[in-house]
Amino acid sequence: MRLAITHETRYRYSPSVQTAQHVAHLQPSQTPCQKVISHWMHVEPAASVHHNIDAFFNHRAYWSLTNPHDGLVVRAHSEIVTSALPATGATNTNSQSWESVREHFRYRGGHAGDVHGGLVFGSHHAPVNEAFLAYAQSSFTPGRPLMQAAQDLSARMHRDFRYESESTDINTPALEALENKRGVCQDFAHILLACLRSLGLPARYVSGYLLTQPPPGQPRLVGSDASHAWAAVYLPELASHACQGWLDLDPTNNRSGLASPGEDYVQLAVGRDFADVSPLRGVLQGGGAHTLEVAVTVAPLA
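Here is a short report on the structure shown in this document.

Definitions and cut-offs
Residues numbered from 1 in each chain as written. Predicted model: local features only at pLDDT ≥ 70, side-chain atom pairs only at ≥ 80, totals over all residues. Heavy atoms only, no water. Helix = DSSP H or I, 4+ residues; strand = E, 2+ residues; numbered from the N terminus. Rg over C-alpha atoms; globule rule 2.2 N^0.38 Å. Buried < 20%, exposed > 50% of the residue type's maximum accessible area, 1.4 Å probe, protein only. Areas by Shrake-Rupley, 256 points an atom, 1.4 Å probe, with all protein chains shown as cover. Lys, Arg positive; Asp, Glu negative; His and termini not counted. Charge placed at Lys NZ, Arg CZ, Asp CG, Glu CD. Salt bridge = Lys/Arg side-chain N within 4 Å of Asp/Glu carboxyl O. Core = buried A, V, L, I, M, F, W, Y, C linked by side-chain atoms within 4.5 Å. Contact = heavy atoms within 4.5 Å. Pairing = 2+ DSSP bridges. Axes fitted to C-alpha atoms, helices over the stretch in contact; angles between N-to-C directions. Phe/Tyr/Trp six-rings, centres within 6.5 Å; stacked < 30°, edge-to-face > 60°.

### Overview of the overall build of the protein chain
For the protein chain, the helix and strand inventory stands at six helices and 14 strands. What you see for the protein chain is a C-alpha radius of gyration of 20 Å, in line with the 19 Å of a compact globule of 302 residues. Reported as C-alpha extents along the three principal axes, the dimensions of the protein chain are approximately 60 × 45 × 40 Å. Expressed as a percentage of the 302 residues in the protein chain, the buried residues total 49%. Approximately 14,200 Å² of the protein chain is accessible, and the part contributed by carbon and sulfur atoms is 52%. Charge separation in the protein chain, taken as the distance between the mean sites of 21 positive and 26 negative side-chain charges, equals 3 Å.

See the structure below:
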């Protein structure tokens with residue numbers, strides 16, 4: 001698929017902000033399932049925007065605003081071509097048990113660790129906890145292949161949890177969302193991460209977009225889409241496969257796939273949890289109250 005994504009963020013401050021430092025993750029990366037055709041980002045007030053690659057190989061932009069301002073507008077536009085990886089030679093043959101992967105990542109003094117070993121540990125939004133282990137356990141029976149067990153856990157979350165917009169925010173603990181069995185895609189991704197890590201398995205948070213279809217006969221509304229989030233678990237046995245070992249899991253929509261849940265998904269950035277890949281964050285001097293408006297449009301191109 002060829003997709004166009006526009007992501008606009010507007011802040012209004014009262015009183016004015018005197019100076020600010022901002023960091024953005026708004027440029028999609030090249031992945032086995034997507035190719036970035038073009039990307040641009042515009043900032044108001046005007047600033048000199050710098051770019052680098054972060055620790056997770058995401059594109060990161062950063063800039064400073066040194067004069068007083070009562071608002072901030074950031075517009076990002078990308079055109080992406082997506083594709084799906086063939087399952088041949090991976091999903092049909094992968095039989096690596098989840099216990100063997102757990103042992104692969106167990107710390108051994110004097111031995112080199114796996115490059116993805118840091119993703120086994122809990123993070124701020126996806127902590128290791130007995131409650132997550134208890135919920136995951138019925139999917140991870142003895143000797144079960146990790147791919148099969150992880151897909152079963154994600155599907156079970158889709159059945160057990162209720163999606164409710166605005167029922168949580170970024171400060172809602174994953175344990176609370178687990179207990180209430182409700183939340184948004186961000187909560188579901190963090191719960192899935194916490195379950196996998198509580199089992200001793202490496203998993204990462206994925207931020208991005210999902211193409212949504214308007215009701216039959218209705219036009220696609222500009223700005224009516226939203227950012228999306230899901231999780232991915234690492235399978236060492238598939239490290240040399242085109243997916244580079246990653247199985248993406250979206251419990252919100254009960255979708256999964258190698259390196260991507262599907263051609264209608266666009267990966268923006270990856271990290272330990274949302275804190276690593278927030279689309280836009282900053283440190284402000286001055287200001288007080290603020291309002292925030294975010295408009296996202298994901299549209300197919302001919």
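Now that the structure is up, let's keep going.
### Observations concerning the pattern of salt bridges
Here the structure, examined in full by the defined rule, presents twelve salt bridges. Among the ionic pairs, R75 bridges to E44, the shortest N-O distance being 3.0 Å. One end of the pair, R75, is in strand β5 (residues 69-82); the other, E44, is in strand β2 (residues 34-44), and 31 residues separate them in sequence. R75 sits in the partly exposed class, given a relative accessible area of 21%.

### With respect to the nonpolar core
Grouped together as the largest cluster of nonpolar side chains are 57 residues, with contacts concentrated most on F140, L153 and I191. When residues of this core are assigned to their parent elements, the largest contribution, nine residues, is made by helix α5 (residues 185-198). F140 has contacts with W98, L146, A149, A150, L153, L196, L199 and L201, leaving out every residue within four places of it along the chain. Judged by nonpolar contacts, the second largest core, of 24 residues, contains A20, L26, V43 and L280.

### A few points about the sheet that holds strand β9 (residues 227-234)
Taken in spatial order, the five strands of this open sheet run β11-β10-β9-β8-β12, and their pairing is antiparallel. If you trace the sheet from one side to the other, it starts and ends with β11 (255-258) and β12 (265-271), each paired once. Across the sheet, the mean angle separating the axes of adjacent strands is 30° when strand polarity is ignored. As judged from the six bridges shared by strand β8 (residues 203-210) and β12, these two strands associate in the antiparallel manner. From the neighbouring strand, Y205 faces β12, where its bridge partner is G271. Sitting on the sheet, helix α3 (residues 146-160) touches β9, β10 (246-250) and β11, and the angle it makes with β10 is about 15°. Taken strand by strand, α5 contacts β8, β9, β10 and β12, and its axis lies near 10° from that of β9.

### Comments concerning the packing of aromatic side chains
Considering all chains together, one arrives at eight aromatic pairs under this definition. For the pair W98 and F140, a centre-to-centre distance of 5.6 Å together with 90° between the ring planes defines the contact as edge-to-face. Linking W98 in helix α1 (residues 98-104) with F140 in the loop between α2 (130-136) and α3, this pair joins segments that are 42 residues apart in sequence. Among the residues examined, W98 registers a relative accessible area of 5% and is labelled buried. Seen in terms of ring centroids, Y234 and W246 are 5.1 Å apart; in terms of plane orientation they differ by 55°. Their pairing is tilted. Here Y234 is found in strand β9, whereas its partner W246 is found in strand β10, with twelve residues between them in sequence. Look at Y234 and you get buried, because its relative accessible area is 6%.

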